[in-house]
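Observations on chain architecture
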Amino acid sequence: MKESNNTAPSGQTTTYDHVLKYTWLFGGVQGINMLVGVVRNKIVALLLGPEGTGLINLFNNITKLINEITSFGISFSAVKHIAELRDEETPSDEQKQLLQHYINVVRTWSVTTGLLGLFITLLLAPFISRATFGSEQYTADIAILCPLSLCLTITGGELAILKGIRRLKEIAIASVLGAIAALLICTPIYYYWRMSGIPASLVLCSTATTLITCHFSNKAASWRSFNISKQLYADGIPMIKLGIGFICAGVMGEGTAYITRAFIIRLGDLADVGLYNSGYMMAVTYASVVFIAIEADYFPRLSAAKSDVRSQNFTVNQQIEVCTLLIAPCLVVFVTLMPFIVPLLFSSQFINAVPMSIAASFYMLFRAFSLPTAYLSLAHGDSFVYMLTEFVYDLLVAICTPLAFYYWGLQGCGFALSFAGLIYLIVIQTLYHRIYGFTLDRQLLPLCLLQLFLLTVTVCISLQADGPIRWGINAIAVVVSVFCSLRMIQRKTTLARQLLKKFRRR
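Rules used throughout
- Residues numbered from 1 in each chain as written.
- Predicted model: local features only at pLDDT ≥ 70, side-chain atom pairs only at ≥ 80, totals over all residues.
- Heavy atoms only, no water.
- Helix = DSSP H or I, 4+ residues; strand = E, 2+ residues; numbered from the N terminus.
- Phe/Tyr/Trp six-rings, centres within 6.5 Å; stacked < 30°, edge-to-face > 60°.
- Lys NZ or Arg CZ within 6 Å of the ring centre and 35° of its normal.
- Expected span 1.5 Å × (residues − 1).
- Buried < 20%, exposed > 50% of the residue type's maximum accessible area, 1.4 Å probe, protein only.
- Contact = heavy atoms within 4.5 Å.
- Salt bridge = Lys/Arg side-chain N within 4 Å of Asp/Glu carboxyl O.
- pLDDT = per-residue confidence, 0-100.
- Core = buried A, V, L, I, M, F, W, Y, C linked by side-chain atoms within 4.5 Å.

Moving on to unusual backbone geometry. One non-glycine residue, Arg-194, lies in positive phi territory at about 50°. For Arg-194, the location among the structural elements is in the loop between helix H6 (168-193) and helix H7 (198-220).

Next up, the structure:
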């Protein structure tokens, strides 16, 4: 009998326990960051309101867009080569020197491209202000933000080094400390200077994050041997070429976010941008903690398995199953409790963001189905294919979201995001099947369809009904979703048994 392409190949050592372990590790770290971010967002909401939230979001979009254009994808493309050098079985002195040399290459390009982003932000500040706000009122504020590009690029490069040499613990600690530092910095600034302190707070928070990251990366790979030279620039050209597709995808992603919010501020006002960002944050940003381990743990595993179709398909399907098991119950619970969560995390001024958050919840479930598959093109080094699929999604969002806001308001934006996520899922599954031979495991379909059905019921009831009917049906959906996920996790892993043993010992 012919063996399925989706079964575990012989010698496959990555278990569901491993996948869950690192998903929970980085998910837990991201959860701590999210908790700190919740406190920070609450402070921003109370002190600055929707207008201040919208302005912060627009400033972040602007700086991230410039960073994506000028950073040349170093934060991503450097990981692969560093990991290959680090994973050599004979770590001789020569090998260690090669690794240190390439780390210096990464740092050389990080500093250079970061300075490029700084100068571009400074030069284009008047144009950016006119394009975003319709006047040059915010030119000085945007000019103040120019160090952000340098900080973001250096931080990205240092995180790439830590990922490449598998210092995952240091990444987790740096992430938590960075979030706490940002909270401590921004709170007094917003309290005393309100909206006028936004640019300074963003710069100081980013600087603190960069210094913390550099502290941990310096322990792993010292900066003492760093010395810019022509050879370091030349040796980094392949890394830059590899990152071209990632650059284009990142630019399109940040460009789409910028365009969407620019349209909303023209069709509505700054408060609408703040509400949109809050709704997006609730439906997308907070739920994405489940995916935080994909780049740090899953991508290196997928890169190692890409040469064998069976091993590749098993790795992808395994990650899809874990993502679905973890995120689906969270989404059902979030949708059910959204009317309480939004005022709690922000303020009563943000209650109009609730329908958008509920409508956009489908996007994250579709993301759980599609994101592990989307990394196949990156694992195979096909930057063009990755760029093409990301372009399809970003184009849909850029077109559908402003139109949906114009005709149906914020709730329409939520459904537009979900629609774009569905089309992206279809494109990914169809295209990658033809190119890489990926096939979704049929055993996953009942799980995916059941969780999609439960989420659909929860969303429809939450948007259309109220009172005992809503809470009764949603409670049933929550219980079924959680029970199915826990049951599958218990069957697939030994983690539940290990926890039970520890509990009995006590």
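For the rest of this paragraph, the subject is the packing of aromatic side chains. Tallying each qualifying case throughout the model produces 14 aromatic pairs. One cation-aromatic arrangement involves Arg-261 over Tyr-280; the distance from NZ or CZ to the ring centre is 5.6 Å. Its guanidinium or amino end placed over the ring of Trp-471, Arg-470 lies 4.9 Å from that ring's centre, counting from NZ or CZ.

So, on to helix H17 (residues 445-464). With 20 residues, H17 extends 28 Å from end C-alpha to end C-alpha; this agrees with the ideal 28 Å at 1.5 Å per step. Residues Leu-447, Cys-448, Gln-451, Leu-454, Leu-455, Thr-458, Val-459, Ile-461 and Ser-462 constitute the buried set of H17. Buried-residue contacts for H17 involve helix H13 (309-345), helix H14 (354-359), helix H15 (361-379) and helix H18 (468-492).

On to the pattern of salt bridges, then. Taken as a whole and judged by the stated rule, the model has three salt bridges. In this structure, the salt-bridge partner of Glu-158 is Arg-107, at a minimum N-O distance of 3.0 Å. In this pair, Glu-158 is assigned in helix H5 (residues 147-164) and Arg-107 in helix H3 (residues 93-133), connecting sequence segments 51 residues apart.

A few words on H5. The terminal C-alpha atoms of H5, which comprises 18 residues, lie 26 Å apart, in line with the 26 Å expected from a rise of 1.5 Å per residue. Among the 18 residues of H5, 14 are classified as buried, and the element is accordingly described as predominantly covered. Downstream of H5 by a residue or two, Arg-166 has a phi angle that is positive, lying close to 60°.

Summarising the element assignment, Thr-373 is placed in helix H15. Ignoring sequence-local partners within four residues, the contact set of Thr-373 consists of Val-316, Ile-320, Ile-428, Gln-429, Tyr-432 and Phe-438.

Turning our eyes to something else, we now look at the confidence of the model for the protein. Interpretation of the predicted coordinates at a detailed level should be avoided for regions scoring low in pLDDT. On average, residues of the protein carry a pLDDT of 82, and 85% of them reach 70 or more. Every residue in residues 10-14 is under pLDDT 50, and counting partners more than four places away or in other chains gives eight contacts.

Let's shift gears to the nonpolar core. Core analysis: the biggest nonpolar cluster contains 102 residues, and Phe-59, Tyr-190, Ile-198, Phe-346, Tyr-375 and Leu-455 have the highest contact counts within it. Contact partners of Ile-198, with chain neighbours within four places excluded, come to Leu-48, Gly-52, Leu-55, Ile-56, Phe-59 and Tyr-190. Among the nonpolar cores identified, the runner-up in size contains 18 residues, and Ile-74, Ile-82, Ile-165 and Leu-232 belong to it.

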